[in-house]
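# Chain and residue survey
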Amino acid sequence: MYTSLEDTSKRIQAIKDEIGKVIVGQEGLIEGILVALLSEGHILLEGYPGLGKTVTVKTLARAIDAKFHRVQFTPDLIPADIIGFEMIEPATMRTSIHKGPIFTNLLLADEINRAPAKVQSALLEAMQERQITIGRSSYPLEKLFFVLATQNPIEVTGTYLLPEAEVDRFMLKLRIRYPSYSEERKITERQVMDEEPEVKAVFSPKEILDLRHYIARRTPLRDDSPIVKYSTRIVRATRPEEGTDGFIKGLALYGASPRASISLAKAARAYSFIKGDDTVLPEHVQAMAYPVLRHRIILTHEAESRGVDPDEVIRDVLESVPRFE
């Protein structure tokens, strides 16, 4: 199906161009979403309200001709609101299943940290197992199933701390910032012009699945691969008991799990493909280390009180870990 890197890179650029018809700037956000999409991962997105998170995901869904649902997470949400429920028909006394919004390709879980534990548990099963349970039966989700969850970094009232087991299921944590002056001016101009940009579908969900297999076959990551070794060394260095030079011990209470090593290698591979490079380089691993690891490093109370950011820890780790053994 895919004949060359150049051909597929052009189509990836076409997705960016279609999203660019609606979204101004946010190149890092768009690339991060594409990395997770092509690596079968999910995204935790942290940013202030009004920065275009919902519009970005909706536009992506249109560009790949995928089904899209948005769920606003609230403290009174119950699992049935997301996964669906089993209902008895009074006339026949037979049960029927009413499927919820999770049966989609792209699910935007807005303000995920406002939902209670039972809802988080239902979402965790969907993210990890690609299935949900209603009553006594399990139901598979779409083959292309992608969760993008948002959380507001400035609000704590009425929110719940996400369980570490769920946070670890997110391949990437992306941070979205305010636009520059020129970008914000362009955003304002577009919104006041009362014109709806036409976004064309340049991929289908099946083609995205095929592209995942193409990327994996094109750049196999075996256990003796230098990139696999480098990714693993970086992740292990985030753990206080194994970090180099001992600097991590005063900063991190817990480091990243082996799932992070897998995510880092896969994300670096997808990132190199998006950039149009023939091979995966250490620079690709370093670029992906921040979104892959920043939500998996649990800081000590001392580090938090000093205002240490996980990205600072990751930067020190990257400086201390040699690229090649």
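The present account deals with the structure reproduced in this document. Note that the coordinates shown come from a computational prediction; the quantities given were computed from them, not determined experimentally.

Secondary structure summary: the protein contains 13 helices and 11 strands in total. Here the C-alpha atoms of the protein give a radius of gyration of 21 Å, agreeing with the 20 Å that 2.2 N^0.38 yields for 325 residues. Expressed along its principal axes, the backbone C-alpha trace of the protein runs to roughly 70 × 45 × 45 Å. When the 325 residues of the protein are sorted by exposure, 49% land in the buried category. In the protein, the share of contacts with a sequence separation of at least 24, taken over all contacts with a separation of at least 6, comes to 77%. A total accessible area of about 16200 Å² is found for the protein, and carbon and sulfur atoms account for 51% of it. Separation between the mean location of the 43 positive side-chain charges and that of the 47 negative ones in the protein comes to 4 Å.

Attention now goes to the pattern of salt bridges. Overall, the coordinates contain 18 salt bridges when judged by the stated rule. Taking the shortest distance from any N to any O, the salt bridge between Arg259 and Asp168 comes out at 2.6 Å. Taken as a pair, Arg259 in helix α10 (residues 258-274) and Asp168 in the loop between α6 (164-167) and β9 (172-175) lie far apart in primary sequence, 91 residues in all. Overall, Arg259 belongs to the partly exposed group, its relative accessible area being 28%. Residues Glu302 and Arg306 are paired through a salt bridge, measuring 3.8 Å at the closest nitrogen-oxygen approach.

This part is about the packing of helix α11 (residues 282-293) against helix α13 (residues 310-320). Two numbers describe how α11 lies on α13: the axes approach to 10 Å, and their chain directions differ by 145°. The chirality of how α11 crosses α13 is right-handed. Contacts between α11 and α13 involve Gln286, Ala289, Tyr290 and Leu293 from the first element and Asp311, Ile314, Arg315 and Leu318 from the second. Here the residues of the contact of α11 with α13 are counted per class, giving 5 nonpolar, 1 polar and 2 charged.

Before going further, it helps to spend a moment on the nonpolar core. Proteins that are soluble and globular tend to have nonpolar side chains buried together. Within the largest apolar cluster, 70 residues are counted, with the highest numbers of intra-cluster contacts made by Leu38, Ile43, Leu60, Ile64, Leu172, Ile234 and Leu293. Grouped together as the second largest cluster of nonpolar side chains are 27 residues, Phe103, Ala122, Tyr139 and Phe170 included.

Further remarks concern the side chain of Glu18. Residue placement: Glu18 occurs in helix α1 (residues 5-20). In this structure the side chain of Glu18 is engaged in a polar contact, spanning 2.7 Å, whose partner is the backbone nitrogen of Lys200. Setting aside residues up to four positions removed in sequence, Glu18 forms contacts with Thr59, Ala63, Glu198, Val199, Lys200 and Val202.

Moving on to the packing of helix α2 (residues 27-38) against α10. Two elements in contact, α2 and α10, have axes whose closest approach is 9 Å; the angle formed by their N-to-C orientations is 120°. Taken together, α2 and α10 sit at an angle that is classed as oblique. The element α2 and its partner α10 pack so that their crossing is right-handed. Between α2 and α10, the residues in contact are Glu31, Leu34, Val35 and Leu38 and Ala267, Ala270, Tyr271, Phe273 and Ile274, respectively.

Parameters and conventions
Residues numbered from 1 in each chain as written. Predicted model: local features only at pLDDT ≥ 70, side-chain atom pairs only at ≥ 80, totals over all residues. Heavy atoms only, no water. Helix = DSSP H or I, 4+ residues; strand = E, 2+ residues; numbered from the N terminus. Rg over C-alpha atoms; globule rule 2.2 N^0.38 Å. Buried < 20%, exposed > 50% of the residue type's maximum accessible area, 1.4 Å probe, protein only. Contact = heavy atoms within 4.5 Å. Areas by Shrake-Rupley, 256 points an atom, 1.4 Å probe, with all protein chains shown as cover. Lys, Arg positive; Asp, Glu negative; His and termini not counted. Charge placed at Lys NZ, Arg CZ, Asp CG, Glu CD. Salt bridge = Lys/Arg side-chain N within 4 Å of Asp/Glu carboxyl O. Axes fitted to C-alpha atoms, helices over the stretch in contact; angles between N-to-C directions. Left-handed = near helix turned anticlockwise from the far one by under 90°. Nonpolar A, V, L, I, M, F, W, Y, C, P; charged D, E, K, R; others polar. Core = buried A, V, L, I, M, F, W, Y, C linked by side-chain atoms within 4.5 Å. Polar contact = N/O pair within 3.5 Å; in protein donor to acceptor, adjacent residues only side chain to side chain. Parallel < 35°, antiparallel > 145°, perpendicular 65-115°, else oblique.

Read these as layout, nothing more, since geometry by itself doesn't imply function.
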